[in-house]
Amino acid sequence: MEANMNLLHDLGIQTTHWLQQRFQGSQDWFLFISYAADLRNAFFVLFPIWFHFSEAVGIRLIWVAVIGDWLNLVFKWILFGERPYWWVHDTDYYNNKSAPEIQQFPLTCETGPGSPSGHAMGAAGVYYIMVVALLSAAGGKKQSRTFRYWVLWTVLWMGFWAVQVCVCLSRVFIAAHFPHQVIAGVFSGMAVAKTFQHIRCIYHASLGRYTGITLFLFSFTIGFYLLLRVLGVDLLWTLEKAQRWCSRPEWVHIDTTPFASLLRNLGILFGLGLAVNSHMYQKSCRGKQGQQLPFRLGCVAASLLILHIFDAFKPPSHMQLLFYALSFCKSAAVPLTTVSLIPYCLSQLLATQDKKAA
């Protein structure tokens, strides 16, 4: 088994080496793709847009991203996937020959296990949801679908796979993942998105259900971590490898650790539960103004602006517990701001102007 994995990893290292040599001048493009595929952009950019044009799609996008990333964490703890940037230095495979030279980048040194790729899984899940939503809006009944619809179908799915290929190549190029890890991530993300197409209860979930699911996901993760620790398995083994083999210490970031991503995602989910069950949401988005396109466009523009400013706040990383707590609160504030606070303030402002005009 180990010999087979060494061969698979060596193939991945050769692929990374070839990509870095062949596309040396394209490293800025690959870094941009890795940055754009981060789930943070799904929460701070894609979610505000989709929620204010189609609430159901926005809610489904959050659930797919959060549950998908949680499953990704569990899979990583089970599969113990290596990452190219440390494996090439840490392995005995190249004892009798020189190892290929692998270049590292600012986004290379992630600290969690490598399989499956979280970026590939997240991008596949999120973009699958968006493609299906666009086709659903354009489609209608199967019997009445026109030639124009099938042209759109072809363009969107070609675009979807083009994005997935770019994300996969980017993660392999920067030596963050092996090829088999990004392929597993793509199909896992699509499976999660496909599953949530058939789950209807998420659109009318109460705050109690959101709270219960958030606590379950957190408790299961902590329990699983402690159980494996008792069995002698150190699930943070990758942090030592990242710190040891990353070429520049400042490229190792605490926000790439498993618990950082867990609390960030749980904060997003809990914040969405608070937002869609709030009085401010019911009074603004569910009111008469919430159905008007100018109001929704205003909400999108204001959300993107405020969340961009808000994203500039970085919790202090020198104290881990404080960092995790502030990450949870910051994430919870994202859907709260997008779904309830901004629409409510905008609706109140418009109502005041209407009263003055009258």
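Visitor: Is there a simple way to explain unusual backbone geometry in this structure?
Guide: Leaving glycine aside, a negative phi is the common case for residues, and trans is the common case for peptide bonds. Of note, the amide linkage connecting S115 to P116 takes the cis form, showing an omega dihedral of -5 degrees. Here P116 shows up in the loop between α5 (84-90) and α6 (118-139). Positive phi outside glycine occurs at F80, with the angle close to 55 degrees. Within the chain, A175 stands out as a residue other than glycine whose phi angle is a positive 65 degrees. Here A175 shows up in the loop between α7 (147-173) and α8 (179-196).

Visitor: It is not clear to me how the nonpolar core should be interpreted in this structure. Could you clarify?
Guide: It is characteristic of soluble globular proteins that their nonpolar side chains tend to be buried jointly. Of all hydrophobic cores here, the largest spans 77 residues; its most connected members are F43, W63, Y210, L272 and V339. Ranked by the residues each element gives to this core, the list is headed by helix α4 (residues 55-79), at 13 residues. Those residues within four positions of W63 in sequence are excluded, and the remaining contacts are G68, F196, I202, Y210, I213, L269 and L272.

Visitor: Teacher, can you tell me more about the packing of aromatic side chains here?
Guide: Under the criterion given, the structure shown has 32 aromatic pairs. Here the aromatic rings of Y149 and W150 are separated by 5.0 Å at their centres, their planes lie at 80 degrees, and the arrangement is edge-to-face. Residue W150 is classed as partly exposed on the basis of its relative accessible area of 41%. Pairing F160 with W161 gives two aromatic rings, centres 5.2 Å apart and planes at 85 degrees, and the pair type is edge-to-face. Within the aromatic cluster, the residues linked to one another by ring pairs are W70, W77, F216, F220, F224, Y225 and F259.

Criteria and thresholds
- Residues numbered from 1 in each chain as written.
- Predicted model: local features only at pLDDT ≥ 70, side-chain atom pairs only at ≥ 80, totals over all residues.
- Heavy atoms only, no water.
- Helix = DSSP H or I, 4+ residues; strand = E, 2+ residues; numbered from the N terminus.
- Core = buried A, V, L, I, M, F, W, Y, C linked by side-chain atoms within 4.5 Å.
- Buried < 20%, exposed > 50% of the residue type's maximum accessible area, 1.4 Å probe, protein only.
- Contact = heavy atoms within 4.5 Å.
- Phe/Tyr/Trp six-rings, centres within 6.5 Å; stacked < 30°, edge-to-face > 60°.

These values are about where atoms sit, not about what they do.
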